Amino acid sequence: MFVAASTECWPADDLQTSIETLQDLDFSAIEIAIHESGAHTRPSEILADPDRGIQLLRYTHRLDISGYSIELDSTGDQHYDDFHDLCRIAKATKVVNLTVPSAELGTPFNEEVEHLQRLVSIAETEGVRVAVRSQLGCLSEDPDTLMVLCNNVDGLGITLDPSVYIAGPAKGKSLDKILKFVINTHLRDTRPDAFQVSVGQGEIDYGKLVTQLEREKYDRALTIHMAPQEDLDHRVELRKLRRLLETLI
């Protein structure tokens, strides 16, 4: 296991600035968010000039890329074409893990299964793995539903965000059955009444989580995924969580 940080930790900065800041905070690996709604790396811009996009993504100041988080605005067949192009870019930049969003609550289960099966099938042609995110307000906010999704979509992984299962309606449910599917994590500290709190003020048991993941032979990123908060020094919070996680591995 190793500690990484998402570029979404600095959502208002451009990609290079966020990478430089994370390097200054002594991170050695990053997850790059490629989101159409994001401020620094949009899929449409990457796909408009793939060669330039590859060079942009490679310019990480020697930080390892633990994965990409992908959010596309395109729909229908274009969505899958765009995803395939991003899988090719992932392969070209030696990135194996792609995190994708979960469908919103109310989406027919079979529809989501078919969608994820198609993404996994595309990714496998390029040697890439797909992980669906734990997300509030989505099918993945319930670990039981998430387990059934993974059982129905061969090869699907999970980007586990334990905050979802503390601050969401599934609080108290066991995560044991989904741990074997985890190929990425998104971490911050959380209480039942607050999705993100100062490190050490929440209820995430990082030691227990690391032990559970070790039991499943997990050897991938512990990715810090924290948004800036007005009343907290964001650099201090990121450094605190990085140091805490490093003591556990």
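A brief report on the enclosed structure follows. (Residues numbered from 1 in each chain as written. Predicted model: local features only at pLDDT ≥ 70, side-chain atom pairs only at ≥ 80, totals over all residues. Heavy atoms only, no water.)

**What about the pattern of salt bridges?**
Then comes step 1: This structure, assessed with the given rule, holds eleven salt bridges.
Then comes step 2: D193 is paired through a salt bridge with R191; the nearest N and O atoms lie 3.0 Å apart.
Then comes step 3: Overall, the relative accessible area of 62% leaves D193 in the exposed class.
Then comes step 4: Taking the relative accessible area as the measure of exposure, R191 reaches 30% and is therefore partly exposed. (Salt bridge = Lys/Arg side-chain N within 4 Å of Asp/Glu carboxyl O. Buried < 20%, exposed > 50% of the residue type's maximum accessible area, 1.4 Å probe, protein only.)

**Regarding the nonpolar core**
Then comes step 1: Ranked by internal contacts, the top residues of the largest apolar core, which has 70 residues, are Y68, F83, L160 and I224.
Then comes step 2: Dropping the residues within four chain positions of it, F83 is found in contact with L72, L98, V100, L119, I122, A123 and V130. (Core = buried A, V, L, I, M, F, W, Y, C linked by side-chain atoms within 4.5 Å. Contact = heavy atoms within 4.5 Å.)

**Considerations on empty space enclosed by the protein**
In this approach a probe as big as a water molecule rolls over the atoms, and the regions it shows empty are the leftover space.
Then comes step 1: Across all of its chains, the model carries one cavity of 30 Å³ or more by this definition.
Then comes step 2: Considering only enclosed or pocket space, the largest cavity measures out at about 30 Å³ in volume.
Then comes step 3: Surrounding the largest cavity, Q196, M226, A227, Q229, L232, D233, H234 and E237 form its lining.
Then comes step 4: For the lining of the largest cavity, the class distribution of residues is three nonpolar, three polar and two charged. (1 Å grid on protein atoms, 1.4 Å probe; cavity = no way out; pocket = protein on both sides within 12 Å on 5 of 7 lines; lining within 4 Å. Points joined across faces, edges and corners; volume = space filled by probe spheres on them. Nonpolar A, V, L, I, M, F, W, Y, C, P; charged D, E, K, R; others polar.)

**Re the packing of aromatic side chains**
Then comes step 1: Summed over the entire model, instances satisfying the criterion amount to zero aromatic pairs.
Then comes step 2: Positioned above the aromatic ring of Y80 is the side chain of R118, whose terminal nitrogen or guanidinium carbon lies 3.9 Å from the ring centre.
Then comes step 3: Over the ring of F27 we find R242, and its NZ or CZ is 5.9 Å from the ring centre. (Phe/Tyr/Trp six-rings, centres within 6.5 Å; stacked < 30°, edge-to-face > 60°. Lys NZ or Arg CZ within 6 Å of the ring centre and 35° of its normal.)

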